[in-house]
Amino acid sequence: MSKIYRAAAAVAGAAVLTAGLTACGGDSLEKSGGGDSSGEPGKGSLVIGSASFSESKILAELYAGLLKDAGYSTSIKTVDARELYEPALEKGQMDVVPEYAATLAEFLNQKKNGSNAAPVASSDIDETVTALKKLAGPRGLKVLDPGKAVDQNAFAVSRDFARKHDLKTLSDLGKSKQKVTLAAGDECPKRPFCQPGLEKTYGIDVAGIDPLDIGSVQAKQAVKDGKDQMVLTTTTDSTLDQFGLVLLDDDKNLQNADNVLPVVNAKSAGSQKIADTLNKLNTVLTTTDLAELNKKVDAERLKPAEVADDYLRDKGLVK
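Residues numbered from 1 in each chain as written. Predicted model: local features only at pLDDT ≥ 70, side-chain atom pairs only at ≥ 80, totals over all residues. Heavy atoms only, no water.

Participant: How should the pattern of salt bridges be read in this particular structure?
Facilitator: Between side chains of opposite charge, pairing is possible as soon as their charged atoms come close. Across all of its chains, the model carries 11 salt bridges by this definition. Glu99 is the partner of Arg82 in a salt bridge, and the nearest nitrogen-oxygen pair spans 2.8 Å. Placement of the pair is Arg82 in helix α4 (residues 82-91) and Glu99 in strand β3 (residues 96-100), with a sequence separation of 17 residues. Since its relative accessible area comes to 7%, Arg82 is described here as buried. (Salt bridge = Lys/Arg side-chain N within 4 Å of Asp/Glu carboxyl O. Helix = DSSP H or I, 4+ residues; strand = E, 2+ residues; numbered from the N terminus. Buried < 20%, exposed > 50% of the residue type's maximum accessible area, 1.4 Å probe, protein only.)

Here's what the structure looks like:
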């Protein structure tokens, strides 16, 4: 799911929250959670939350593997959307959730200040995390260190189109004066990180929007076939090669800093032991790594748990 829509999501009602939590993963989350905050191996039982898309499931499995290696008992609960799992994290029904810095900052910002709140996230990861911590702390959440892996909106063109017009960056596309039809969601003309941002920041001539689902097979096929010239996707899209597509670098930092980072319930999982354990992943996992892990699940049909375990062992992060 694109950050365009993650960041713009409204807060779900209490009735929806209750129904969603009891319907996901079998056990009611009202009876789950409550990890030990002492940080001593073997004394904690932690519930790790995951959204329903592959990348979030992989990240949850990576966190579970690290925590198991540190002596914790872990379980994973998959919930459809942030509107459901974020309140569960606040209540301690979940203890740890993989998140994205800028998207969560804007979600909490809008939750506190309304849908028209002035943005607090930016392309600067330090400023974004500082803003996120200010919003998360009063809700009983602790934001851990951001990693190197970044999953944010990105734009791809065909290799042939890039080669023909000597394109490596979005700035190159703007300077080329090529008109492009963009395969993107129908909200793209209104979103500052989509058509308006491309035009204002890069001077790209967006001649039209082909309203296809973001990053979908149909959208990428349309660019491959030449019907459209560019597609809105993400930096960790694992299937671009299959369609002969390449990302253009966001060289003027139009997109916000959506670095992957763990967010925990401060009371149940706020120990330094847990922070140190999860932070091991930060210096190792890259955007390229995450895209490759997504590929193993989405294209090769391997299970997230298997992919995560192999990665942690290959990198020497677990015994």
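Structure's up, so let's keep going.
Participant: What should I look at first to understand the side chain of Asn279 in this one?
Facilitator: One can find Asn279 in helix α12 (residues 272-279). Setting aside chain neighbours within four positions, we find Asn279 in contact with Leu144 and Asp145. (Contact = heavy atoms within 4.5 Å.)

Participant: Help me understand the packing of helix α3 (residues 54-69) against α12, please; the structure alone is not making it clear to me.
Facilitator: In a packed pair of helices, the relevant descriptors are the angle between the two axes and the axis-to-axis distance. Where α3 meets α12, the axes come as close as 9 Å, and the angle between the chain directions of the two elements is 125 degrees. By the criterion of interaxial angle, the relationship of α3 to α12 is oblique. Between α3 and α12 the crossing geometry is right-handed. Counted together, Tyr63, Leu66 and Leu67 of α3 and Ile274, Thr277 and Leu278 of α12 form the full contact between these two elements. Looking at side-chain class alone, the contact of α3 with α12 contains 5 nonpolar, 1 polar and no charged residues. (Axes fitted to C-alpha atoms, helices over the stretch in contact; angles between N-to-C directions. Parallel < 35°, antiparallel > 145°, perpendicular 65-115°, else oblique. Left-handed = near helix turned anticlockwise from the far one by under 90°. Nonpolar A, V, L, I, M, F, W, Y, C, P; charged D, E, K, R; others polar.)

Participant: What is the right way to look at helix α6 (residues 125-136) in this model?
Facilitator: Each turn of an α-helix holds 3.6 residues, which means side chains three or four residues apart point in the same direction. In this model α6 runs 16 Å from its N-terminal to its C-terminal C-alpha over 12 residues, within 8% of the 16 Å that 1.5 Å per residue would give. Every buried residue of α6 is listed here: Thr128, Val129, Ala131, Leu132, Leu135 and Ala136. Buried positions in α6, seen along its axis, are confined to an arc of 160 degrees and lie on one side of it. In α6, the exposed residues that point more than 90 degrees away from the buried face are Asp126, Glu127 and Lys134. Check the buried side of α6 and you find it contacts α5 (101-113), β4 (141-143) and β10 (260-265). If you check the start of α6, you find a side-chain oxygen 2.9 Å away from the backbone N of Asp126, and it comes from Asp124. (Expected span 1.5 Å × (residues − 1). Arc of directions from axis to C-beta. Polar contact = N/O pair within 3.5 Å; in protein donor to acceptor, adjacent residues only side chain to side chain.)

Participant: What's the story with the packing of aromatic side chains in this structure? I'm lost.
Facilitator: The relative placement of two aromatic rings is captured by the distance of their centres and the angle of their planes. Counting across every chain of the model gives 0 aromatic pairs. The lysine or arginine in question, Arg82, covers the ring of Phe107, its NZ or CZ lying 6.0 Å from the ring centre. (Phe/Tyr/Trp six-rings, centres within 6.5 Å; stacked < 30°, edge-to-face > 60°. Lys NZ or Arg CZ within 6 Å of the ring centre and 35° of its normal.)

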